[in-house]
Amino acid sequence: MTTTENQDVQDNIPPAADTAPSAAKHTAAAAKGLDGQSVLKRLQSELMSLMMCGDPGISAFPEGDNIFCWKGTITGSKETVYEGMIYKLSFSFPTDYPFKPPKVKFETVCFHPNVDIYGNICLDILQDKWSSAYDVRTILLSIQSLLGEPNNESPLNTQAAALWVNQEEFRKMVEKLYKPA
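Residues numbered from 1 in each chain as written. Predicted model: local features only at pLDDT ≥ 70, side-chain atom pairs only at ≥ 80, totals over all residues. Heavy atoms only, no water.

With an unreviewed UniProt entry as reference, the chain is termed E2 ubiquitin-conjugating enzyme, source organism Musa acuminata subsp. malaccensis. Taken verbatim from the UniProt record of the chain, the Sequence similarities (unreviewed entry) comment is "Belongs to the ubiquitin-conjugating enzyme family." (UniProt positions renumbered as here; feature names shortened; annotations may be inferred.)

Laid out in C-alpha cells, this is it:
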C-alpha cells in the first residue's frame with residue numbers, strides 16, 4: 001500500500017473518541033485495511049437499506065458507536081404462537097463479513113425448537129448455507145419466519161420440538177417463559 005493509499009484509509013476511519021475502549025479497538029482494527037473499510041461501508045449500507053425497507057416487525061441498529069455489534073428486534077408473525085411478542089437479538093459481525101456470517105443470538109428468552117437456552121439459533125443461513133448475498137434484513141426475516149415454521153429435523157431444544165405438535169400446550173409454554181427484555 002502506498003503512503004497516499006494508507007493516508008486515504010486513515011482519513012476514513014471513524015473517530016473512536018466517544019466509543020467504549022473495546023468498541024473503539026474493534027472498529028479501528030477492522031478499519032485499518034481496505035478490507036476493513038469495505039466491511040464498514042457494507043454495514044453502513046445495510047443499515048440505511050434496513051431503515052428504508054419498512055418491513056413490518058423487524059429492525060436492527062448498531063449498539064452505540066460500534067458498527068460491528070447490533071441489536072435487533074423481531075415481532076412474532078400473525079397466526080403463530082409468537083404473534084405480537086417482541087424478541088430482542090444481538091448481532092456480532094466478523095471482520096471478514098459478508099464472507100462469513102454474523103453471530104446472531106436471542107437476547108429475549110425464546111422457547112423454540114431451533115433456539116437453545118442460551119439464545120443460540122440453529123438456522124442454515126447462519127451456518128453452512130451462508131452466502132455473501134444475505135444481509136441483516138434477510139437474517140431478520142428468516143428468523144421471523146423460523147418462529148412460525150421451525151425445522152424439527154435439527155432441533156436445539158428437543159423439549160420444544162416434541163411439544164410443537166400440540167400447539168395449544170406449546171403456546172402455554174411460550175407465554176409462560178416469555179419475558180420481554
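The structure having been displayed, the exposition proceeds.
Q: Quick question: what am I supposed to make of the pairing of strand β4 (residues 103-106) here?
A: Regular strands place side chains that alternate from one sheet face to the opposite one. Side-chain alternation along β4 places Val104 and Phe106 on a buried face and Lys103 and Lys105 on a face that remains uncovered. Across 4 bridges, strand β3 (residues 86-92) lies against β4 in antiparallel orientation. Residue Leu89 lies in a different strand from β4, and its bridge partner there is Phe106. (Buried < 20%, exposed > 50% of the residue type's maximum accessible area, 1.4 Å probe, protein only. Helix = DSSP H or I, 4+ residues; strand = E, 2+ residues; numbered from the N terminus. Pairing = 2+ DSSP bridges.)

Q: Explanation requested: helix α6 (residues 167-177) in the structure shown.
A: Every α-helix winds through 3.6 residues per turn, so residues three or four apart in the chain are directed the same way. Among the residues making up α6, those that are buried are Phe170, Met173 and Val174. Around the axis of α6, the buried residues are gathered within 100 degrees of arc, so they sit on the same side. The exposed set on the far side of α6, more than 90 degrees from its buried face, consists of Glu168 and Lys176. Each element contacted by the buried residues of α6 is listed here: β3 and α5 (158-163). (Arc of directions from axis to C-beta. Contact = heavy atoms within 4.5 Å.)

Q: Please clarify how unusual backbone geometry should be interpreted in this entry.
A: The phi torsion of most residues other than glycine is negative, and most of the peptide bonds are trans. In this structure, Pro98 follows Tyr97 across a cis peptide bond, with omega equal to 10 degrees. Tracing the backbone shows Pro98 in the loop between β3 and β4. Positive phi, normally seen in glycine, also occurs at Glu79, with a value near 60 degrees. For Glu79, the location among the structural elements is in the loop between β2 (66-75) and β3.

Q: So what exactly am I meant to see when it comes to the pattern of salt bridges here?
A: Side chains carrying opposite charge are able to pair once their charged atoms draw close together. Taken as a whole and judged by the stated rule, the model has 4 salt bridges. Among the salt bridges present, the one from Glu46 reaches Arg42, with a minimum N-O distance of 2.6 Å. A residue pair is termed a helical-turn pair when its members lie 3 or 4 positions apart in one helix, as Glu46 and Arg42 do in helix α3 (residues 34-53) at 4 residues. The exposure class assigned to Glu46 is buried, which follows from its relative accessible area of 7%. Residue classification places Arg42 among the partly exposed positions, given a relative accessible area of 23%. The partner of Glu168 in a salt bridge is Lys172, with the nearest N and O atoms 3.9 Å apart. With a gap of 4 residues between them, Glu168 and Lys172 both fall in helix α6, about one helical turn apart. Looking at Lys172, the relative accessible area reads 44%, which means it is partly exposed. Taken together, the salt bridges that share partners define one network made up of Glu168, Glu169 and Lys172. (Salt bridge = Lys/Arg side-chain N within 4 Å of Asp/Glu carboxyl O.)

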